[in-house]
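# Observations on the model geometry
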2 protein chains.
Amino acid sequence: MRFMTTSDKPENSAATADTADTTAEVTGIAAQDWDRASVDPQYRAAVVDLLGALAYGELAAFERLAEDAKLAPTLVDKAELAKMAAAEFHHFERLRDRLTEIGEEPTRAMEPFVDALDGFHKQTAPSDWLEGLVKAYVGDSIASDFYREVAAHLDADTRGLVLAVLDDTGHAGFAVEKVRAAIDEDPRVGGRLALWARRLMGEALSQSQRVVADRDALSTMLVGGVADGFDLAEVGRMFSRITEAHTKRMAALGLAA
Amino acid sequence: MRFMTTSDKPENSAATADTADTTAEVTGIAAQDWDRASVDPQYRAAVVDLLGALAYGELAAFERLAEDAKLAPTLVDKAELAKMAAAEFHHFERLRDRLTEIGEEPTRAMEPFVDALDGFHKQTAPSDWLEGLVKAYVGDSIASDFYREVAAHLDADTRGLVLAVLDDTGHAGFAVEKVRAAIDEDPRVGGRLALWARRLMGEALSQSQRVVADRDALSTMLVGGVADGFDLAEVGRMFSRITEAHTKRMAALGLAA
């Protein structure tokens, strides 16, 4: 989906080890491959949801970046955004092909997430080039943080794919450089973009809640029914880590979070 | 640029042979490589124009296809258009990199063609999915016919690159299948789309004239000053061939041209 990208990897390996005694049969999933893990129909359904959400997220990101390319002030900037859009599309292809490979119809897997993602993009249509850059950066980073957290609890095959499609498309560096330069030139821009980033975070959280409420298998996996060491307290800590990372990124952009 | 694609290769090798006696020193260019051909500053300027026009055409095609993907009735159709858009972007990258390789600034080479291409896309914004498909097919095909004709008269290195980026992105088959199905379902659609295709052809010709009038080196190459066997009569025959190919493609779509 690449709502966002971060260089901080989740540091929850210690936490997982702590809870390993009580969830021994679940901890096993991260050590299993897909063939073995997917025997459990609930785990399988959760992964299909996850891949479907990621796949549609990539396709929506492609569209959003292609749209933002139109706002680019120069041909070089336009080409840079088009490049990111093309990269998102290739991530989409890998996820779609994986769904087909495991015998799922990609469209059916994606459809449950169309409304939430389209809703997010509709509510947060950037009104200029800088808002587009901040959205791409903040959004990609938050989504990437979230999927990396989840990935640590997946079977080895699914984890490898998820981490591969979260691989940085060069977005972050580009956005940080352009946004910082704009704030240096006119500090008032910083205030406006800080408000914008807060709105993005709020909208992302509200759409995520909607998805979690709708998708049983996925949310059960998140709160610990299926995958490794994910209990409600752990979900709370995960959200804290994501929020902290967001705050650090805003500071890197020169914005108050 | 991929305004268009055709399976008909230009059949002007005979014509070139006929005029070979009078333009012997020019005929040589097709047999030369870039290093030798580009010693002539006027030939060099014409090729830079050509690569610049093609490069911006690909970038504009990327944007147009990404935009049309929003009109897609299904996720599968959306993904298909996004795939074509990504392919156009990769063509753009090859052209931009080639401009850099021969010591030209890509943005400077593209800029003279921005207004004409943006103008074309602005005047021909599709109002629905089928108009978008017809535009992509007709436009790509006409542009491809034109560049293939020109390619036959270029040095070997430039020709190879131009033919590579004109390589079919799967557009044609996809558009023909979808448009024919829509006409089968409701024959009135055929009349509307035939008018639309005529408008596209008219707008493409008027923007091409604008470019040719503005760009001395490029138009001199086209009318025979620089490259092989391209005199005014030959340009007339080229336009006839392109128009004939367009008529055949319209028939394949089930439309009167």
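Keep in mind it's a predicted model, so treat the numbers as computed, not measured.

Time to look at the overall build of chain A. Check the secondary structure of chain A and you find 13 helices and zero strands. Ordered by position from the N terminus, the helices and strands of chain A form the series α-α-α-α-α-α-α-α-α-α-α-α-α. When each of the 257 residues of chain A is scored for burial, the buried share is 55%. Across chain A, the fraction of contacts at a sequence separation of at least 24, relative to all contacts at a separation of at least 6, is 83%. Total accessible area computed for chain A in this model is approximately 10,800 Å², and 53% of it derives from carbon and sulfur atoms.

A few words now on the confidence of the model for chain A. All names here are of chain A. Overall, the predicted model of chain A reaches an average pLDDT of 81, with 83% of residues at or above 70. Mean pLDDT across the elements of chain A ranges from a minimum in helix 1 (residues 13–18), with 39, to a maximum in helix 6 (residues 106–110), with 96. Note that pLDDT drops below 50 for residues 1–26; the model gives that stretch 71 contacts with residues more than four away or on any other chain.

Turning to the nonpolar core, a few remarks are in order. Within the largest apolar cluster, 160 residues are counted, with the highest numbers of intra-cluster contacts made by Leu154 and Val162 of chain A together with Leu154 and Val162 of chain B. Once you skip the residues sitting within four places of it in the chain, Val162 of chain B turns out to touch Leu50, Leu51, Leu54, Tyr147, Ala151 and Leu154 of chain B.

Residues and elements named next belong to chain B. At a minimum axis separation of 10 Å, helix 8 (residues 129–151) and helix 11 (residues 188–214) run at an interaxial angle of 40°. The pairing of helix 8 with helix 11 is recorded here as oblique in orientation. Handedness of the crossing formed by helix 8 with helix 11: right-handed. Taking contact as the criterion, the partners of Leu130, Glu131, Val134, Lys135, Val138 and Ile142 in helix 8 are, on helix 11, Val189, Arg192, Leu193, Trp196, Ala197, Leu200 and Met201. Grouping the constituent residues of the contact of helix 8 with helix 11 by class yields ten nonpolar, no polar and three charged.

Right, let's get into the interface of chain B and chain A. The interface is formed by 25 residues belonging to chain B together with 25 residues belonging to chain A. With both sides pooled, the region where chain B packs onto chain A buries about 1,900 Å², and carbon together with sulfur makes up 73% of that total. When residues of chain B are sorted by the area they lose upon contact with chain A, Phe62, Glu63 and Leu75 of chain B head the list and together hold 29% of the total. Seen at the junction of chain B and chain A, the total is four salt bridges. Taking the shortest distance from any N to any O, the salt bridge between Glu63 of chain A and Lys78 of chain B comes out at 3.2 Å. At the level of elements, helix 4 (41–69), helix 5 (75–101) and helix 6 (106–110) of chain B are the ones that each hand at least two residues to the side of chain B that touches chain A. Per-element tally for the side of chain B that touches chain A: the top contributor is helix 5 of chain B, with 13 residues. Class assignment for the residues of the side of chain B that touches chain A results in 15 nonpolar, two polar and eight charged.

The subject of this paragraph is the pattern of salt bridges. Taken as a whole, this structure holds 26 salt bridges over all chains when the rule is applied. When the shortest N-O distance is used, the salt bridge between Arg249 of chain A and Asp145 of chain A registers 3.2 Å. With Arg249 of chain A in helix 13 (residues 232–253) and Asp145 of chain A in helix 8 (residues 129–151), this residue pair connects regions lying 104 residues apart in the sequence. Of the charged contacts in the structure, one is a salt bridge between Arg98 of chain B and Glu101 of chain B, with a shortest N-O distance of 2.8 Å. Placement of both Arg98 of chain B and Glu101 of chain B in helix 5 is noted, with a separation of three residues, approximately one turn of the helix. On the accessibility criterion, Arg98 of chain B (14% relative accessible area) is buried. In this structure, a network of salt bridges that share partners links the residues Glu67 and Lys70 of chain A together with Glu67 and Lys70 of chain B.

Attention now moves to the relation of the copies chain B and chain A. Superposition of chain B onto chain A requires a rotation of 180° combined with a translation of 0.0 Å along the rotation axis, giving an RMSD of 0.0 Å. Such values leave the two copies arranged in the relation of a two-fold axis. For chain B, the residue whose C-alpha comes nearest the rotation axis is Ala86 of chain B, separated from it by 2.4 Å. Take the interface residues of chain B: 100% of them recur as interface residues in chain A, which is what a same-surface contact looks like.

Look at helix 11 of chain B: 40 Å from first C-alpha to last across 27 residues, which is about the 39 Å you get at 1.5 Å a residue. All of the buried residues in helix 11 of chain B are Val189, Gly190, Leu193, Ala194, Trp196, Ala197, Leu200, Met201, Glu203, Ala204, Gln207 and Val211 of chain B.

If you walk through the whole model with that rule in mind, you get eleven aromatic pairs over all chains. Considering the side-chain rings of Phe146 of chain B and Tyr147 of chain B, the 5.2 Å spacing of their centres and the 70° angle between planes classify their relative orientation as edge-to-face. The exposure class assigned to Phe146 of chain B is partly exposed, which follows from its relative accessible area of 21%. One aromatic cluster in this structure is built from Phe62, Phe89 and Phe92 of chain A together with Phe62, Phe89 and Phe92 of chain B.

Moving on: the packing of helix 4 (residues 41–69) of chain A against helix 5 (residues 75–101) of chain A. Residue and element names in this part refer to chain A. Look at helix 4 against helix 5: their axes get within 8 Å of each other, and the N-to-C directions meet at 160°. Judged on the interaxial angle alone, helix 5 and helix 4 are roughly antiparallel. The handedness of the crossing between helix 4 and helix 5 is left-handed.

A surface patch of like charges, here negative, comprises Asp115, Asp118, Asp214 and Asp216 of chain B. Structurally, the position occupied by Asp115 of chain B is in helix 7 (residues 114–123).

Analysis parameters
Residues numbered from 1 in each chain as written. Chains lettered and ligands numbered in written order. Predicted model: local features only at pLDDT ≥ 70, side-chain atom pairs only at ≥ 80, totals over all residues. Heavy atoms only, no water. Helix = DSSP H or I, 4+ residues; strand = E, 2+ residues; numbered from the N terminus. Buried < 20%, exposed > 50% of the residue type's maximum accessible area, 1.4 Å probe, protein only. Contact = heavy atoms within 4.5 Å. Areas by Shrake-Rupley, 256 points an atom, 1.4 Å probe, with all protein chains shown as cover. pLDDT = per-residue confidence, 0-100. Core = buried A, V, L, I, M, F, W, Y, C linked by side-chain atoms within 4.5 Å. Axes fitted to C-alpha atoms, helices over the stretch in contact; angles between N-to-C directions. Parallel < 35°, antiparallel > 145°, perpendicular 65-115°, else oblique. Left-handed = near helix turned anticlockwise from the far one by under 90°. Nonpolar A, V, L, I, M, F, W, Y, C, P; charged D, E, K, R; others polar. Buried area = accessible area lost by both parts, 1.4 Å probe. Salt bridge = Lys/Arg side-chain N within 4 Å of Asp/Glu carboxyl O. Least-squares fit on C-alpha atoms with pLDDT ≥ 70 in both. Expected span 1.5 Å × (residues − 1). Phe/Tyr/Trp six-rings, centres within 6.5 Å; stacked < 30°, edge-to-face > 60°. Patch = residues over 30% accessible without salt bridge, like charges linked within 9 Å, V, L, I, M, F, W, Y side chains within 5 Å. Lys, Arg positive; Asp, Glu negative; His and termini not counted. Charge placed at Lys NZ, Arg CZ, Asp CG, Glu CD.

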